[in-house]
Amino acid sequence: MTTAEISALQAEALAEIAAAAAPDAVEALRVKYLGAKNGLLPAMMKGLRDVPPAEKPAFGQALNALRSAVSDALAARKDAVAAEAAPREAFDFSLPGNWRPVGSIHPVSEVIEETTRIFAQLGFTVADGPDIETEFNNFDALNTAKHHPSRDARDTFWLDPERLLRTQTSSVQIREMLAHKPPVRIICPGRCYRRDTTDATHAANFHQIEGLYVDVVPVSLADLKSTLAHFAREMMGPSVQVRFRPHFFPFTEPSVEVDFSCHVCKGKGCAVCKQSGWIEVAGAGIVDTRVYEKVGYDRECYGYAFGMGVERIAMIKHGVTDLRLLYANDLRYLREFL
Ligand code: DAH
C-alpha cells in the first residue's frame, strides 16, 4: 500500500459517505471503514507492523489523517441525515408568538348594542333615519313652534333653508309614523348635531337613542316608566333607581325628564353626578295629539316616546367624568374598556 493509494481510498470513502442518504447507510459505512472487527482502517493499522521501519512514520501519519477525515465525515453526515429526516414543520416552542392587538367595542357602540338588545326583548325593532333632515321632520311635525329658540342658527346646523343636521333622533319618529300605521314600536340609535361648545358634558356631535311606541289600545305614562325602569336595571344592574321629573317638550304631553341614580357613587354624590346622586339620562312623555295630526294618525292613538343620551349612559356606566375622553381616540384610554 502506498500513500497515493491511501489518498485514493480517502477520496472514495468521503464520496461514499457524502452519498449516504439514510442513518442506516451512514452506520453501514462506519462499520465498513472504522468497525473494530472487520473495518478497513483498523486492518490497515495492523498492517503497519509489516511496513519497513524507515517508511513507518510517513505511513502512520497518512493512516491517522485518513482515519480522522473518515470519522469526521461520518459524524457530520450522521447529523445532516438526522436533520433531514426530522419532521418539516417542527414547532419551536421557544420562539416568541405572533402577537396581535385585540380591539374592543367603543363604550358608545357598546351602549347602543346593549340598548338594542334590551328593547328587542320587549318587541322594539330598530328604525333608521338620515343625519341630514328636513325642517318638517326635525321641527314642524314635532310641534315645535316657528319661533322656538332651538331652530335658531346659533343652535342648529342649517345646510340650506329647508335642510339641517338633525338635532335629535326624534325626527325618526316622524319618518316611522309617516311610513307605518300603528302599532309602531321602534328604537332608533343615531348621531345628532348641535352648535354646542364642547366641554366635559357637551359635544357638537353626540348620540341619542329614540324610542316610540304608539298603539290603538291604551298606553300610559306608567307603561313608559316601567319600560324605562326595566331598561335601567338591565343596563346598570338591579340596584339602579329611576325617577321622572316634570318637564316640557313640544311633542309630548305630559313630558318628563328621566334620571337614573348615579351608578358610580350609588346615589351618594360624586364628580360624575355633580354631587346630586342622580343623572339625567332621557327626555320622554306621552305623544302629543298634535304630532299624530301632522303625520295623519288618528287623534285617538295612544303612545309614549323617549330620547336617551348615549354618551350620558356610557359615562355613568364607566365612571367617565369628561365626555371628550370618549372622542379623543387615545388608545391608552380606550384600552381600559377591553
Ligand atoms: N328629543 C329630545 C331632546 O333631544 C329628547 C326627547 C324628549 C325625545 C321627549 C322624545 C321625547 O322622544 O318624547 O332633548
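What you see is a predicted model, and the numbers here were worked out from it, not measured in a lab. (Residues numbered from 1 in each chain as written. Predicted model: local features only at pLDDT ≥ 70, side-chain atom pairs only at ≥ 80, totals over all residues. Heavy atoms only, no water.)

**Looking at the domain arrangement of the protein**
This is how it is decided: The domain limits used here are those given by an automatic or database domain assignment.
Parsing the protein into structural domains produces domain 1 (3-85) and domain 2 (107-337). The gap between the C-alpha centroids of domain 1 and domain 2 is 91 Å.

**What about the site of the ligand?**
For clarity, the cut-off: When we say a residue is near a molecule or strand, we mean one of its heavy atoms is within 4 Å of it. Residues adjacent in sequence count toward polar contacts only when both atoms are side-chain atoms; beyond that, a polar contact is any pair of N or O atoms within 3.5 Å, and within protein one must be able to donate a hydrogen and the other to accept it. The protein chains shown are the only cover counted for residues, whose accessible areas, like all others here, come from Shrake-Rupley with a 1.4 Å probe. Counting from the N terminus, the helices are DSSP H or I runs at least four residues long and the strands are E runs at least two residues long. In this classification, the charged set is Asp, Glu, Lys and Arg, the nonpolar set is Ala, Val, Leu, Ile, Met, Phe, Trp, Tyr, Cys and Pro, and all remaining amino acids, among them Gly, are polar.
Close to the ligand lie 15 residues, the nearest being Gln168, Gln173, Arg194, Gln208 and Glu210. One nitrogen or oxygen atom from the side chain of Gln173 is found 2.8 Å from an oxygen atom belonging to the ligand. Taking Phe306, its main chain carries an N or O atom lying 3.3 Å from an oxygen atom of the ligand. Coverage of the ligand by the protein amounts to 90% of the 360 Å² it exposes when considered alone. Counting only elements with at least two residues in the shell around the ligand, the list comes to β5 (205-215), β8 (278-287) and β9 (302-309). Of the residues contributing to the shell around the ligand, the split by class is five nonpolar, eight polar and two charged.

**As for the packing of helix α5 (residues 107-121) against helix α8 (residues 221-236)**
Cut-off, in case you're wondering: An axis is simply a line fitted to the C-alpha atoms; with a helix, the fit covers only the stretch in contact. Between two such axes, the angle follows the N-to-C directions and lies from 0 to 180 degrees. Comment on the angle field: the value is read as roughly parallel under 35 degrees, roughly antiparallel over 145, roughly perpendicular from 65 to 115, and oblique elsewhere. Handedness of a crossing follows from how the near helix is turned relative to the far one, being left-handed for an anticlockwise turn of less than a right angle and right-handed for a clockwise one. Contacts are residue-level and defined by heavy atoms, with any inter-residue pair within 4.5 Å sufficient.
Packing of α5 against α8 brings their axes to within 10 Å, and their N-to-C directions diverge by 130°. Our classification of the angle between α5 and α8 gives oblique. Remark: the crossing between α5 and α8 carries right-handed chirality. Contact residues: α5 offers Val111, Glu114, Thr115, Arg117, Ile118, Phe119 and Gln121, while α8 offers Thr227, Leu228, His230, Phe231, Glu234 and Met235.

**Things to note about the pairing of β8**
To keep things clear, this is the line we draw: Relative accessible area decides the class of each residue, using a 1.4 Å probe on protein chains only: under 20% of the type maximum gives buried, over 50% gives exposed, and in between gives partly exposed. A pair of strands counts as paired when DSSP detects no fewer than two bridges linking them.
With eight of ten residues buried, β8 lies mostly within the body of the structure. Pairing of strand β7 (residues 252-261) with β8, which is carried by eight bridges, proceeds in the antiparallel orientation. Across the sheet, Thr252 pairs through a bridge with Val287, a residue of β8. Sheet topology note: the β8/β9 ladder contains five bridges and is antiparallel. By the bridge assignment, Gly285 is partnered in β9 with Ala305.

**Examining the packing of aromatic side chains**
Here is the rule: Only rings of Phe, Tyr and Trp enter the pairing, Trp through its six-membered ring, and a pair is recorded when the two centres are within 6.5 Å. The plane angle decides the type: under 30 degrees is stacked, over 60 is edge-to-face, the rest tilted. In this analysis the charged atom, NZ for Lys or CZ for Arg, is taken to sit over a ring once it is within 6 Å of the ring centre and within 35 degrees of the ring normal.
With the rule as written, the count across this model stands at ten aromatic pairs. Taking 4.7 Å as the distance between ring centres and 65° as the angle between the ring planes, the aromatic pair formed by Phe91 and Phe93 counts as edge-to-face. Each member of the pair Phe91 and Phe93 is classed as exposed. Ring-pair connections join several aromatic residues into one group, and the members of that group are Phe119, Phe124, Tyr213, Phe231, Phe260, Tyr304 and Phe306. One residue, Arg185, lies across the ring of Tyr213, its end atom 4.5 Å from the ring centre. Lys225 extends its terminal NZ or CZ atom over the ring of Phe244, reaching a point 5.4 Å from the ring centre.

**Comments concerning the environment of Lys266**
Mapped onto the secondary structure, Lys266 falls in the loop between β7 and β8. In this structure, the C-alpha to C-alpha distance between Lys266 and Val281, residues 15 residues apart in sequence, is 15 Å. One polar contact links the side chain of Lys266 to the main-chain carbonyl oxygen of His263, over a distance of 3.0 Å.

**Considering the pattern of salt bridges**
Cut-off, in case you're wondering: The salt bridge definition used is simple: a Lys or Arg side-chain nitrogen within 4 Å of an Asp or Glu carboxyl oxygen.
Counted according to the given criterion, the structure contains 18 salt bridges. Between Arg154 and Asp152 there is a salt bridge, with its nearest N and O atoms 3.2 Å apart. Residue classification places Asp152 among the partly exposed residues on the basis of a relative accessible area of 29%. Salt-bridge contacts for Glu257 lead to Arg245; the nearest nitrogen and oxygen are separated by 3.1 Å. Taken as a pair, Glu257 in strand β7 and Arg245 in strand β6 (residues 242-249) lie far apart in primary sequence, twelve residues in all. Each member of the salt-bridge network shares a partner with another, and the members are Glu135, Asp140, Lys146 and Arg151.

**Quick notes on the sheet that holds β9**
Spatial ordering of the open sheet is given by β1-β4-β5-β9-β8-β7-β6, a layout of seven strands whose pairing is mixed. Strand pairing shows two members of the sheet lacking a second neighbour, β1 (125-126) and β6, which therefore form its edges. Across the sheet, helix α10 (residues 310-318) touches β5, β7, β8 and β9, and the angle it forms with β9 is around 60°.

**Considering the side chain of Asp140**
Relative to the elements of secondary structure, Asp140 occurs in the loop between α6 (135-138) and β3 (163-165). Within the structure, Asp140 has its side chain in polar contact with the side chain of Arg151 (distance 2.7 Å).

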